[in-house]
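Here's the letter readout for the chains.
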Amino acid sequence: MIAGSLGCGRGVRGEIFVPPYQPVWKGQNKLPTYRVGLPGAAWEPLAGPGFQAVWQHSTDPAIIQVHGECEDHGDSDLEDFTDHQRIDYSEWAIVEEPTGELDAEGRPRMRQKQYYTTIADREALRTTVRAKLDGVEVMLEYVVLKKDGCLFDLTYITVPRSFDQHTGEFQQVIDGFGFPVQR
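Residues numbered from 1 in each chain as written. Predicted model: local features only at pLDDT ≥ 70, side-chain atom pairs only at ≥ 80, totals over all residues. Heavy atoms only, no water.

1. Considering the overall build of the protein chain
And then number 1: When helices and strands are counted, the protein chain shows two helices and 13 strands.
And then number 2: Here the contacts in the protein chain between residues at least 6 apart in sequence split such that 49% fall between residues at least 24 apart.
And then number 3: Looking at the protein chain as shown, the accessible area adds up to about 10200 Å², and 48% of this sits on carbon and sulfur atoms. (Helix = DSSP H or I, 4+ residues; strand = E, 2+ residues; numbered from the N terminus. Contact = heavy atoms within 4.5 Å. Areas by Shrake-Rupley, 256 points an atom, 1.4 Å probe, with all protein chains shown as cover.)

And the structure:
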């Protein structure tokens, strides 16, 4: 169980993120309670200011994180929310994959690895990106969705050589995502 390692009153409890307590006089707490899948034993939970559900791989330079916020995110579409993530990166290019068809010159046709899917009964945009963070090349899988007035982003980031090794573990986190949490 993860709860003990993340401190009292916040973090992932089993598979549920519970936001820290905020007294009524400080304003409405805009962090949602949500369910996530667990990535597996090789992933260590992280706790700290601003962290919600975050894991670091024990041997590879890889992070999986889930973040949610309600009300203050605006009303952009999923593509705009995804594009907004590029602000932290010096380079940002959506990865391309072959379509299985050839163009007029006999070269493989390519398409961006960005597509809509359904998560927690809502449309979500899933994007694979090659980028540079502080001069280091990284790959990201980024999933964004809106539900019941809240915006969620689920992110997997690692160096390119490790990317394919842990996509299944990121999928476990996505497969376990649920909001709202039924108690």
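2. Side note on the confidence of the model for the protein chain
And then number 1: Predicted confidence across the protein chain gives a mean pLDDT of 84, with 82% of residues reaching 70 or more.
And then number 2: The secondary structure element of the protein chain with the lowest average pLDDT is strand E1 (residues 11-13), at 48, and the one with the highest is strand E11 (residues 122-133), at 96.
And then number 3: Scored below 50 in pLDDT, residues 1-10 makes 22 contacts in the model with residues more than four places away or belonging to other chains. (pLDDT = per-residue confidence, 0-100.)

3. Regarding the nonpolar core
And then number 1: Residues Tyr34, Val36, Trp55, Val66, Phe152, Leu154 and Phe177 are the most contacted members of the largest nonpolar core, which totals 25 residues.
And then number 2: Elements supplying a minimum of two residues to this core: strand E5 (53-57), strand E6 (62-70), strand E12 (136-147), strand E13 (150-158) and helix H2 (167-175).
And then number 3: Sequence-distant contacts of Val66, that is, excluding residues within four places in its chain, are made with Tyr34, Val36, Gln52, Ala53, Trp55, Asp153, Leu154, Val173 and Phe177.
And then number 4: Formed by seven residues, the second largest nonpolar core is a distinct cluster that contains Tyr89, Val129, Leu140 and Ile157. (Core = buried A, V, L, I, M, F, W, Y, C linked by side-chain atoms within 4.5 Å. Buried < 20%, exposed > 50% of the residue type's maximum accessible area, 1.4 Å probe, protein only.)

4. Here's the deal with the pairing of strand E9 (residues 108-112)
And then number 1: Pairing between strand E8 (residues 96-102) and E9: four bridges, direction antiparallel. Bridge pairing links Glu97 to Arg111 in E9.
And then number 2: What sits between the antiparallel neighbours E8 and E9 is a turn of five residues, in which Gly106 has the positive phi angle 85 degrees. (Pairing = 2+ DSSP bridges.)

5. A short note on the packing of aromatic side chains
And then number 1: Counted according to the given criterion, the structure contains seven aromatic pairs.
And then number 2: Between Tyr89 and Trp92, the ring centres sit 5.5 Å apart and the planes meet at 50 degrees, which makes this aromatic pair tilted.
And then number 3: Exposure remark for Tyr89: the relative accessible area of 18% places this residue in the buried category.
And then number 4: Geometrically, the ring pair formed by Phe152 and Phe177 is edge-to-face, given 5.0 Å between the ring centres and 70 degrees between the ring planes. Taken together, the residues Phe152 in strand E13 and Phe177 in the segment after H2 connect sequence positions 25 residues apart. (Phe/Tyr/Trp six-rings, centres within 6.5 Å; stacked < 30°, edge-to-face > 60°.)

6. Let's talk about the state of the cysteines
Covalent bonding between the sulfur atoms of two cysteines is what defines a disulfide.
And then number 1: All told, the structure shown has one disulfide when counted by the stated rule.
And then number 2: Each sulfur in the disulfide pair Cys70 and Cys150 lies 1.9 Å from the other. The disulfide joining Cys70 to Cys150 has a torsion of about 90 degrees about its S-S bond and is therefore right-handed. Here Cys150 lies in strand E13 and Cys70 lies in strand E6, a separation of 80 residues in the sequence.
And then number 3: Overall, Cys70 belongs to the buried group, its relative accessible area being 14%.
And then number 4: Here Cys150 falls in the buried class, since its relative accessible area comes to 4%. (Disulfide = S-S within 2.5 Å.)

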